[in-house]
Amino acid sequence: MRERVGIYVHIPFCLSKCAYCAFASWPCLRPPSLYPAAILAQARQMAALPWSRDRVFSTLFIGGGTPTIYPAATLKPLLSGLREIFNFVPAPEITIESNPNTLSLDLLQSLRQAGVNRLSIGIQSFNDDLLKGVGRSHTRQEALQALAWAGKAEFTNVNIDLIYGLPGQSMQSFAADLTLALEFAPAHLALYQLTLEEGTVLARAMADQQLHLPEEDQVIEMELAAQATLGRAGYEHYEVANFCRPGRQCRHNLNYWQNGSYLGLGAAAVSCLSGLRISNVASPGRYQRQLNSGQAPYAEVEALGRAASFRETVIMGLRRCQGVKIAELKQRFALTPQGYYQEILDELVVDGLLLIDQERMALSQRGLALANQVLHRLV
Ligand code: SF4
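1. Some remarks on the pairing of strand 5 (residues 88-98)
So, point 1. Of all 11 residues that make up strand 5, 9 are buried, and the element is covered over most of its length.
So, point 2. Two strands pair when backbone bridges link them, and strand 4 (residues 56-64) and strand 5 are joined in this way by 5 bridges, in the parallel orientation. When the sheet's bridge partners are listed, L60 is paired in strand 5 with I94.
So, point 3. At this point the chain moves from strand 4, through helix 3 (residues 72-85), to the parallel strand 5, and the crossover so formed is right-handed.
So, point 4. Across 4 bridges, the pairing between strand 5 and strand 6 (residues 118-124) is parallel. Pairing of T95 across the sheet is with R118, part of strand 6.

2. Examining the environment of F86
So, point 1. Summarising the element assignment, F86 is placed in the loop between helix 3 and strand 5.
So, point 2. Between the alpha carbons of F86 and L345 there is a distance of 42 Å; along the sequence they are 259 residues apart.
So, point 3. Setting aside residues up to four positions removed in sequence, F86 forms contacts with I7, A43, A47, F57, L263 and L265.

3. Describing the packing of aromatic side chains
So, point 1. Counted by the stated rule, this structure contains 13 aromatic pairs.
So, point 2. Ring geometry for Y238 and W257: centres 5.8 Å apart, planes at 65°, overall edge-to-face. Separated by 19 residues along the polypeptide, Y238 in strand 9 (residues 236-239) and W257 in helix 10 (residues 251-257) bring together distant segments of the chain. As far as burial versus exposure is concerned, Y238 and W257 are alike and both buried.
So, point 3. Grouped by ring-pair contacts, the aromatic residues F13, Y35, Y70 and Y287 constitute a single cluster.
So, point 4. When the ring centre of F155 is taken as reference, the NZ or CZ atom of R112 above it lies at 5.5 Å.

4. Overview of the domain arrangement of the protein chain
So, point 1. The assigned domain composition of the protein chain is domain 1 (4-257) and domain 2 (306-376).
So, point 2. On a C-alpha basis, the centroid separation for the pair domain 1 and domain 2 is 27 Å.
So, point 3. Listed per partner, the contact involves 14 residues of domain 1 and 13 residues of domain 2.
So, point 4. Between domain 1 and domain 2, the buried area comes to about 1,200 Å², and carbon and sulfur atoms account for 58% of it.
So, point 5. The largest per-residue losses of area from domain 1 upon contact with domain 2 belong to I220, V240 and W257, which jointly make up 42% of the total buried on that side.
So, point 6. Linking domain 1 with domain 2 are 1 salt bridge.
So, point 7. We note a salt bridge from R319 to E239, for which the minimum N-O separation is 2.6 Å.
So, point 8. Here domain 1 and domain 2 share 5 residue pairs in polar contact (both at pLDDT 80 or more) between them.
So, point 9. Contributing elements (two or more residues each) for the side of domain 1 that touches domain 2: helix 9 (216-232), strand 9 and helix 10.
So, point 10. If you tally residues by element for the side of domain 1 that touches domain 2, the top one is helix 9, at 5 residues.
So, point 11. The residue inventory of the side of domain 1 that touches domain 2, partitioned by class, reads 7 nonpolar, 4 polar and 3 charged.

5. Quick look at unusual backbone geometry
So, point 1. Between G64 and the following residue, G65, the backbone shows a cis peptide bond with an omega angle of 20°.
So, point 2. Looking at where G65 falls in the secondary structure, it is placed in the loop between strand 4 and helix 3.
So, point 3. Although it is not a glycine, Q124 adopts a positive phi angle of roughly 70°.
So, point 4. The topology assignment puts Q124 in strand 6.
So, point 5. One non-glycine residue, S274, adopts positive backbone phi at about 45°.
So, point 6. Judged by its relative accessible area of 48%, S274 is partly exposed.

6. Quick look at the nonpolar core
So, point 1. One finds L82, F86, L189 and L191 to be the most contacted residues of the largest nonpolar core, which totals 69 residues.
So, point 2. The dominant element in this core, judged by the number of residues it contributes, is helix 1 (residues 35-47), at 7 residues.
So, point 3. Residues within four places of L191 in sequence aside, it is in contact with L162, Y164, F174, L178, A226, L230, A241 and F243.
So, point 4. Counting residues in hydrophobic clusters, the runner-up holds 24 residues, among them V314, L345, L348 and L375.

7. Comments concerning the site of the ligand
So, point 1. With respect to spatial proximity, the complete set of residues near the ligand consists of C14, S16, K17, C18, Y20, C21, F23, S25, G65, T66, N99 and R136.
So, point 2. Of the residues belonging to the shell around the ligand, the class tally is 5 nonpolar, 5 polar and 2 charged.

Calculation notes
Residues numbered from 1 in each chain as written. Predicted model: local features only at pLDDT ≥ 70, side-chain atom pairs only at ≥ 80, totals over all residues. Heavy atoms only, no water. Buried < 20%, exposed > 50% of the residue type's maximum accessible area, 1.4 Å probe, protein only. Helix = DSSP H or I, 4+ residues; strand = E, 2+ residues; numbered from the N terminus. Pairing = 2+ DSSP bridges. Right-handed = clockwise from strand over helix to strand, strands pointing away. Contact = heavy atoms within 4.5 Å. Phe/Tyr/Trp six-rings, centres within 6.5 Å; stacked < 30°, edge-to-face > 60°. Lys NZ or Arg CZ within 6 Å of the ring centre and 35° of its normal. Domains from an automatic or database assignment. Buried area = accessible area lost by both parts, 1.4 Å probe. Salt bridge = Lys/Arg side-chain N within 4 Å of Asp/Glu carboxyl O. Polar contact = N/O pair within 3.5 Å; in protein donor to acceptor, adjacent residues only side chain to side chain. Nonpolar A, V, L, I, M, F, W, Y, C, P; charged D, E, K, R; others polar. Core = buried A, V, L, I, M, F, W, Y, C linked by side-chain atoms within 4.5 Å. Near = heavy atom within 4 Å.

If you want it as structure tokens, here you go:
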């Protein structure tokens with residue numbers, strides 16, 4: 001059977017730049033009209049690789065940035081072009097990321113017709129003051145409207161992104177966000193802890209002592225309370241930040257967490273082709289120019305060695321609540337976590353952050369709440 005892999009498409013444009021955002025995204029009111037054609041040009045280049053010809057694509061994820069900054073008239077041909085260029089399974093999972101104030105009922109209905117069957121909405125909070133505090137460009141009302149339209153457009157697989165640990169956010173305020181999100185019975189919820197990334201407006205405000213974040217204990221309390229609420233509501237906690245109704249895991253992301261192969265199209269996108277990592281140039285203008293002149297838009301091509309691939313597989317796999325299977329790692333890399341990491345693992349176990357038995361290694365509940373710090377020690 002041919003290996004099933006995914007395709008990620010990066011649309012790096014947003015209406016404005018959020019204060020915490022360190023992603024490859026550029027604010028603009030009108031995204032460049034020729035960028036989608038450049039994506040299709042790269043798609044044709046990559047589809048011609050022998051690697052692609054031997055594979056079948058089971059997921060397509062249009063992420064950003066804010067892909068829905070483009071109108072249906074642009075997104076529909078992009079989707080149909082990708083489906084013509086690549087060999088997809090009969091019912092691929094096709095996700096698009098969005099922000100509430102770029103959605104309309106018309107756009108959502110068009111996306112459904114174009115085959116998009118999973119909608120991810122970056123709501124982050126339903127509290128207007130908190131949204132404003134981190135420079136989000138939408139309001140609570142727009143978020144509620146977007147969710148209502150998603151239902152009307154018959155999206156049955158909707159993900160809601162929420163953030164906790166926002167400046168000025170209380171336990172009660174986060175609990176209220178979660179309760180309201182659950183009223184829409186989304187198939188999937190992603191709960192992200194706010195992190196201060198270098199170079200962002202929030203990181204600068206922190207350095208200037210102008211930022212008041214909830215205490216770390218309070219943030220962990222928010223996370224543990226959310227896990228309990230979602231558990232009671234029937235959601236499975238399957239990855240550090242991700243919860244779903246039974247059977248509604250994001251298939252595209254599961255492939256990343258298993259350190260599987262994928263193609264990345266668009267500026268700043270990364271591909272991983274059986275251990276060969278290819279990073280595209282980050283600048284959208286340069287990306288377009290290189291493709292217009294017939295060149296591959298690569299910034300870096302790197303072959304990952306056995307040890308690096310092993311580490312990545314462990315780190316990505318530990319993001320899943322079920323953790324990693326030790327026998328599978330041994331079979332794939334001829335390495336075991338105990339042999340490779342030695343005393344680091346003992347320290348994590350003693351600190352109550354990691355659980356290991358003969359078969360598996362997984363983060364404990366506290367380890368999941370502190371996942372970024374724990375996984376950093378295994379890099
Ligand atoms: S909408 Fe997302 S990608 Fe765009 S600026 Fe905000 S956080 Fe960054």
